[in-house]
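Topology and contacts: notes
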4 protein chains.
Amino acid sequence: MARHVYDVTDFLDEHPGGADIILKYAGKDATEEYEPIHPPDAIKDNLDPSKHLGPVIPGTLPKPQTISPSPAPAAVQVPQKRAGGTNDTLPEEYVKPSLEEILSLHDFEAVARRTMSRRGWNYYSSGADDEITMRENHNAFHRVWFRPRVLRDVSKVDYSTSIFGFKTSMPIYITATALGKLGHPEGEVCLTKAAAEHDVIQMIPTLASCSFDEMVDAAKPGQVQFLQLYVNADRTRTKKIISHAAERGVKALFITVDAPQLGRREKDMRTKFEGTASAQQAAGKDNFRRDQGAARAISSFIDPSLSWKDLKELKEAAKGMKVVLKGVQCWEDAVLAAQHGMDGIVLSNHGGRQLDFSPSPLALLPSVTSALRQNGYLSPHSPPFEIFVDGGVRRATDVLKAIALGATAVGIGRPMIYAMSTYGTEGVSKALQILKDEFDMNMRLIGARTIEEVVPSMVETGALFQGIGSDTMYDANYEKILPVGVKARL
Amino acid sequence: MARHVYDVTDFLDEHPGGADIILKYAGKDATEEYEPIHPPDAIKDNLDPSKHLGPVIPGTLPKPQTISPSPAPAAVQVPQKRAGGTNDTLPEEYVKPSLEEILSLHDFEAVARRTMSRRGWNYYSSGADDEITMRENHNAFHRVWFRPRVLRDVSKVDYSTSIFGFKTSMPIYITATALGKLGHPEGEVCLTKAAAEHDVIQMIPTLASCSFDEMVDAAKPGQVQFLQLYVNADRTRTKKIISHAAERGVKALFITVDAPQLGRREKDMRTKFEGTASAQQAAGKDNFRRDQGAARAISSFIDPSLSWKDLKELKEAAKGMKVVLKGVQCWEDAVLAAQHGMDGIVLSNHGGRQLDFSPSPLALLPSVTSALRQNGYLSPHSPPFEIFVDGGVRRATDVLKAIALGATAVGIGRPMIYAMSTYGTEGVSKALQILKDEFDMNMRLIGARTIEEVVPSMVETGALFQGIGSDTMYDANYEKILPVGVKARL
Amino acid sequence: MARHVYDVTDFLDEHPGGADIILKYAGKDATEEYEPIHPPDAIKDNLDPSKHLGPVIPGTLPKPQTISPSPAPAAVQVPQKRAGGTNDTLPEEYVKPSLEEILSLHDFEAVARRTMSRRGWNYYSSGADDEITMRENHNAFHRVWFRPRVLRDVSKVDYSTSIFGFKTSMPIYITATALGKLGHPEGEVCLTKAAAEHDVIQMIPTLASCSFDEMVDAAKPGQVQFLQLYVNADRTRTKKIISHAAERGVKALFITVDAPQLGRREKDMRTKFEGTASAQQAAGKDNFRRDQGAARAISSFIDPSLSWKDLKELKEAAKGMKVVLKGVQCWEDAVLAAQHGMDGIVLSNHGGRQLDFSPSPLALLPSVTSALRQNGYLSPHSPPFEIFVDGGVRRATDVLKAIALGATAVGIGRPMIYAMSTYGTEGVSKALQILKDEFDMNMRLIGARTIEEVVPSMVETGALFQGIGSDTMYDANYEKILPVGVKARL
Amino acid sequence: MARHVYDVTDFLDEHPGGADIILKYAGKDATEEYEPIHPPDAIKDNLDPSKHLGPVIPGTLPKPQTISPSPAPAAVQVPQKRAGGTNDTLPEEYVKPSLEEILSLHDFEAVARRTMSRRGWNYYSSGADDEITMRENHNAFHRVWFRPRVLRDVSKVDYSTSIFGFKTSMPIYITATALGKLGHPEGEVCLTKAAAEHDVIQMIPTLASCSFDEMVDAAKPGQVQFLQLYVNADRTRTKKIISHAAERGVKALFITVDAPQLGRREKDMRTKFEGTASAQQAAGKDNFRRDQGAARAISSFIDPSLSWKDLKELKEAAKGMKVVLKGVQCWEDAVLAAQHGMDGIVLSNHGGRQLDFSPSPLALLPSVTSALRQNGYLSPHSPPFEIFVDGGVRRATDVLKAIALGATAVGIGRPMIYAMSTYGTEGVSKALQILKDEFDMNMRLIGARTIEEVVPSMVETGALFQGIGSDTMYDANYEKILPVGVKARL
């Protein structure tokens, strides 16, 4: 889009994000706003060539005043002091650590929080409503303990496995996340390249900042890629996307079923009001009608009418690609998926970004595997059916718990995006290497030499179903009763 | 009352709030103290016309010194700083956000806490004793997870329902809360008007700052209103209120049964001692005897002798209005209510303002619906009987959980009062719109197209009954053992 | 003792507190150290008259340098500020609140913490080891919810009951606590007088600062008192105490069975090292050998050999006084107590001051009442046997929960001591009045008109047995892993 | 090593810690780096005498710039202030407390944290990954309550017991911990001497800073010592160690089975980057390849191929010494150990330093004892088989809980190391005395006169299996949603 002038007047009504945001940039350079959100071919694919008006004459356009992409705020950092130390309470300058210093996936997130643009951080790190499901996804792993075996010969451990017959160096894949250029100017191709280096599979997102073809082109020969798909109300368009993916060698199609409407993420929505001189002024100037925009988005971009009966048509369009439902959240739908001839499911709540109080995928695994088995699936004689989970993973031990409970592999999203946002391709590669090191060690320590040996009896799930959410905004609003005589200061 | 002189000498003994508070304002302008607490017709209805002495001669009365209605203290606001940021630790000025910035019901509460008068905030936000039930009401929702269904055609969702056959645009109603003018000078008519705008039902409170007729007059034609009722020891007076309500078109009567005596709310009581130069002086000057006042309030205002045998008489007086018991707290009383011919119950603990350690209404729903069914109610063949809950609701997801567990609709109190206190009618309207947006999205995301499809199998309640209270005053009093060598500073 | 000279040389070996502390004050005025710890007749009763050397000649004795009784440190008091307020972060001066401002038993504790001498506060507020049982005693009440009944005629509620046939205005008694003069110069007679005012029973402690006779003399005619008893290795001495109590009209004897050795309370022990210029100096100067002292205390003061077979002899000595075992901690011993002809038991862990990880008395009630019933007790036909609990009570609701689970009455210790320490007799009286007000209201709110109506079905105990301790010293020692790049400050 | 020059060129490839760290000190004085990590005979035993080049000529070598051993940071020490106190917020100087002031094992840890070198503190205090198992080891004790018995004659209590027939004054032993000289220049012989003083057994670590013979030589005549063993891939070397131990009178061999690879302890790894002027510089200068080093360590030092079939050979080499597996973590392996003729097991997860989310040893005891019994062990007729646990112990009550659940004795590691690091041999001796005092008191208070009387019915384990981990790095990364209008400060 950069450096070109377009006439988008006729497109105003169809724009998934609403007309207002387009009008805001009318006659101005919208590049900075446009790029992280749209793949480069978005205009080409959607706008009639007659509306491509030609190049910008340099120097003729003032850049609009944008919300400065200031770094996200760090966690409350009560300065750690040695009792008996100096009187200095100033926080030190935060120096971005070298990649050498990064020891875990947590570390990428800590750096991202301190160095990313606020807009990018808020977009990636936010979840639906009170972000309870987002945190539960991670917390559920804390309620499962290992039952490690000793004195097995673990001189060699092999944590590679295969997904639909495609080899992966470890039982994870990089799952689809949108708008990668909010984190890194190169966008999702960083993930493609790092995946290639480590022989893991990347799931290409529909809403990437890079175009589908850019990501496929960036793959090395033989590199396996999957495609995540939002089904459009215009099925012709959807089938065109599927066909194109099949032609380009994509091996599996992951149809998102947990997002008939894109979720509200209030932390992200609040970004809009931050950094401005006055909230009132901001509110006054900006007439972007979110409600309308969201309603429109539904009708034009993601089809909320998608239902079980549509699967047959999509599977046919997939021409042999595996077809997987991404976003199943109870055993009943897992069984339905198998009955509708799907090749697998992802137990997922969209990283806690859609419905708050969706259950953790990990906690669903026992009932889902049990129900599938009772319905004749997951046996050597039944058609192959694979179960994936995603959400909240930070350690190889998290993955091993899911494997023990019946998952084929685990999708990892935000940690990869944080690694990319902080150190680019090299960061993602390091993140994958850290996971490999963790798998290597932890397989040894639980006494499993192969992924097949990671069995249900290796985990203790007695506390898994005791999850209780915690609501930070309510807590912040609650005013504790003060001790008598201690007055609140006004 | 304003601008008139009354002789209330004979009324001293009957005043529900005690004689002292009246004597305190003898010969002075009591308008500011009087208005938020009394409906405008309180004097007209209760004082013999002979005691109306006439208008005040302007300028002859000094206003009494009152406790300044300073804003409530904000939560401990540890300033969030970026590690590596500046040395500035001053909190920024709090600028009241524009209504545009409000994204959730939590947000109204956050603004209320920072901008309301301390007296109003403390009155609304306080609960009984250690406020454990008040918080449990909200926390109980955190112990229920959804079991969402996917791939249903949710292009259209309809979250409207009906209460006793009266249509409501969503399964909530604005429940009765007292003394609205502590929050907004217009008082409860703000709620009436916003309810009209959004087609929801308002329950008129007995202890409103506006008069009953003001609230009925403010309704648009056809707008449905209910009435919350405290039963007076003087049953003639109570029946007069009921008759009047029936005549004015009120559709249902909600008899409060959880308040034979009005609860102690210590956070609110403490207000009295705040803001004065010296607590001792305040104590010395003020001889208002609370105990006596409370005791009197019981005998004259709310009848603690009210019992099951009185219901027949009240139901008859209701002349066809539906009659509901508000404040049932166990299944045994739910069954008794049905057996006594009531039309429904509200599982409620008065927003945690009466008995601390009352259970959460949500946690009662499973046993209550089960007991009613076992006793032959809630079936297609039994007389209609509706179950409501209130307390602790902040999100549409909270409401949907209660619906799934058998509630017809859910009462919302404090959030509406906070919306009114911060932005008036427009605030309440926005609060209702936020709920609608949340219902619209969350119905889609759980896979329910109508309220009828929000069924028990859509929630997981395994952790619901594990509530444990937490007592902030005990915790504040507990002194942790310090590490050796680290001395407490005196 | 004040103003007299004694020769205690021969007593050195028998002093329960060890010889060192006596030698420390040799030739000096020991009044300030002596008084709060000993009843006034301690010397008279234990020292041969020939060793009473006569009065001190005024002005001849320098007072020893003592640890200054500085106030206890307040809780970490993060100053509460209004966002948008001033830059002032200084805590306000703490002005001791007037008695009018006290709204709950918590409030006395808050004032005590801020105004008592550190020595007194630490003595009363401390518990054994990590103080986990001390806190669990209170926390257990938070795991029980009410099941309140509505629409009962509660115009009159009567919360009086009787203990062994002796009337009490409410189902509590003031339990025995030692060394009252550490809190108030008048000592335990404050409790006696307030108990008289409110018709509750006081249990006289063996280790009071006032003498037994002072406390009995302070009682009004007909006032009921019990006696708590530590059994001495010298049984003659013990029997003499019992006989004297019987003669003076004491109605029941509570034999402490949970303290064969007095517990370690480290918060209290640490007091010794506080307030001195240098901890090393303090350690060097003070040769008080605690271990030896404690060991000696065992052999001479409390008899660790006391066992079931000794009860017969003690019961006979009681001459008709009721005999109760105080400190039973499991159902097996409750049954044994009944089988040994005791009249009752106190489920108690000595306020968490003896064995850390003793269970909460409240959590013991269900198994204890069940076991007693299965063994033929607690029935109308069995000999009367009463069950008491103590520990952690702060609210009438706490008491009502214990009553519902089978307790006859509940002992209250620390809250009374805090009320006494802050406002003397008047404080204790106010504390008792607060409890009465709470009983009055809460009986109404749970729908019980008499103590007999407070039945097991009024409480929900599903979460009661889920207590988990929390260990503040371990937590303080644990160093969290810092985010990468955020350096600990040295 | 000090004051000598060695040619270690040929040894570079075999060095368990990798070649890089050796090259870093080439031509420099490596004493300070070398000593705490290696026993003094490490070079003698491993380097051909021809490579011993002779003494250093004084003054010819510059000391390398090392990371300064600055004290570890104290816990966040929010200064405790009295409300109404002064404005002084400076933390006081931390004066190392005298040994007299130490009241519990917690206290040694608090002093260690404030006074040890950061390197030493980080090495000892760190655990694997998110340190969840490390903390769970301690927290599990908090989920067990006592069921104390009263009125038993506890005038005499005897807490001595025997391990494999060897007397110990209490049911604990000092377990093996590595690199003692990081804490105290004398190293592990401090533990030997204190163990002698108190008649407890020391388990000699393979990776001690002192040599095996130094520790055996430091023992008093008749003092019992055990040996902890890492099995080397070179079994001849391992058997030589075993033979030597048997000859020197070691009584039992504890074969570590939970460490086929040494765990990652990120807090410790992060030490490397701390204290340097710039993290980037540090990263650039230091090419130490950790991954390679770790991989090498596996092949040369600890044999990951060790398996059940190797036990026979090791047991034969032990020539009558008892042989115990240290690091068993489930009942299945406990039964296998008994079936393979072992004399016992240590339920242990290596102090939480190997596999994060290993279960707490305490929580394993019930299933392990039950499974052994069901398989015919632990009976009077079965061959003797003893069960030990270690990890997280801070109090004698912790030990008593493990004894009640079937352990013979409990290993204590870190607390001994902290006592040694802060006060040397005298500190360890004091730590052991504190435990004795605690045993003496707590045996009395639970009503057990001998270790045999500490039986399963003395503990309540209902809550034991409800452990839920908590992950501090995730929590630190999570950014709470701020109240509306309260802006994050950048």
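Please read all numbers here as calculations on a predicted model, not as lab measurements.

Calculation notes
- Each chain carries its own residue numbering, running from 1 in the written order of its sequence.
- Here every chain gets a letter starting at A, and every ligand a number starting at 1, in the order they are written.
- Where totals are concerned, whole chains, interfaces and linings use all residues; where local detail is concerned, this predicted model gives features only for residues with pLDDT of at least 70, and gives and counts side-chain atom pairs only at 80 or more.
- The side-chain quantities take in all heavy atoms of the structure and omit both hydrogens and water.
- One bridge is not enough; two strands pair if DSSP finds at least two bridges between them.
- To qualify as a helix, a DSSP run of H or I must reach at least 4 residues; to qualify as a strand, a run of E must reach at least 2; elements of each kind are numbered from the N terminus.
- Note on definitions: angles span 0 to 180 degrees between N-to-C directions of axes, and those axes are lines fitted to C-alpha atoms, for helices only across the stretch in contact.
- Note on ring pairs: Phe, Tyr and Trp rings are taken, using the six-membered ring of Trp, and paired if centres are within 6.5 Å. Classes follow the plane angle, with under 30 degrees stacked, over 60 edge-to-face and the rest tilted.
- Throughout, exposure labels follow a simple rule: accessible area from a 1.4 Å probe, protein chains only, divided by the maximum for the residue type, with under 20% read as buried, over 50% as exposed, and the rest as partly exposed.
- Note on contacts: a residue pair qualifies if any of its non-hydrogen atoms lie within 4.5 Å across the two residues.
- Any N or O atom pair separated by 3.5 Å or less is treated as a polar contact, with the protein-specific requirement of one donor-capable and one acceptor-capable atom, and with residues adjacent in sequence counted only for side-chain atom pairs.

What about the sheet that holds strand 10 (residues 322-328) of chain D?
All names here are of chain D. An order of 6-7-8-9-10-11-12-13 is seen for the 8 strands of this closed barrel, with the pairing classed as parallel. Averaged over neighbouring strand pairs, the angle between their axes works out to 30 degrees when direction is ignored. Bridging between strand 8 (residues 225-229) and strand 9 (residues 252-256) involves 4 bridges; their strand directions are parallel. The residue bridging L227 from the neighbouring strand is L253, located in strand 9.

Regarding the packing of aromatic side chains
Residues and elements named next belong to chain B. Counted under the stated rule, the structure contains 47 aromatic pairs over all chains. Where F164 meets F388, the ring centres are 5.7 Å apart and the plane angle is 65 degrees; that geometry is what we call edge-to-face. Linking F164 in the loop between strand 4 (161-163) and strand 5 (166-168) with F388 in strand 12 (residues 386-390), this pair joins segments that are 224 residues apart in sequence. Assigned by exposure class, F164 and F388 land together as buried.

Considering the sheet that holds strand 13 (residues 409-412) of chain C
Residues and elements named next belong to chain C. Taken together, the 8 strands give a closed barrel; going around it, the order is 6-7-8-9-10-11-12-13, and neighbouring strands pair in parallel fashion. Averaged over all adjacent pairs, the angle separating strand axes in this sheet is 30 degrees, with direction ignored. In this structure, strand 7 (residues 201-204) lies alongside strand 8 (residues 225-229), joined through 3 bridges in parallel fashion. Opposite I204, over in strand 8, you have L227 as the bridge partner. Across the sheet, helix 7 (residues 189-198) lies against strand 6 (172-174), strand 7 and strand 8, angled at about 160 degrees from strand 7, the strand it touches most. Contacting strand 10 (322-328), strand 11 (344-347) and strand 12 (386-390), helix 15 (residues 361-374) runs over the sheet at an angle of about 165 degrees to strand 12.

Some points on helix 4 (residues 105-115) of chain D
Among the 11 residues that make up helix 4 of chain D, 10 are buried, leaving the element largely enclosed by the rest of the structure. L105, H106, D107, F108, E109, A110, V111, A112, R113 and R114 of chain D are the residues of helix 4 of chain D that are buried. Tucked into the core, helix 4 of chain D has its buried residues touching helix 10 (266-271) and helix 18 (472-477) of chain C together with helix 5 (118-125), helix 6 (132-139) and helix 17 (414-446) of chain D. Sitting at the amino-terminal end of helix 4 of chain D is S104 of chain D, which places a side-chain oxygen 3.3 Å from the backbone nitrogen of H106 of chain D.

So yeah, pure geometry; function would need other evidence.
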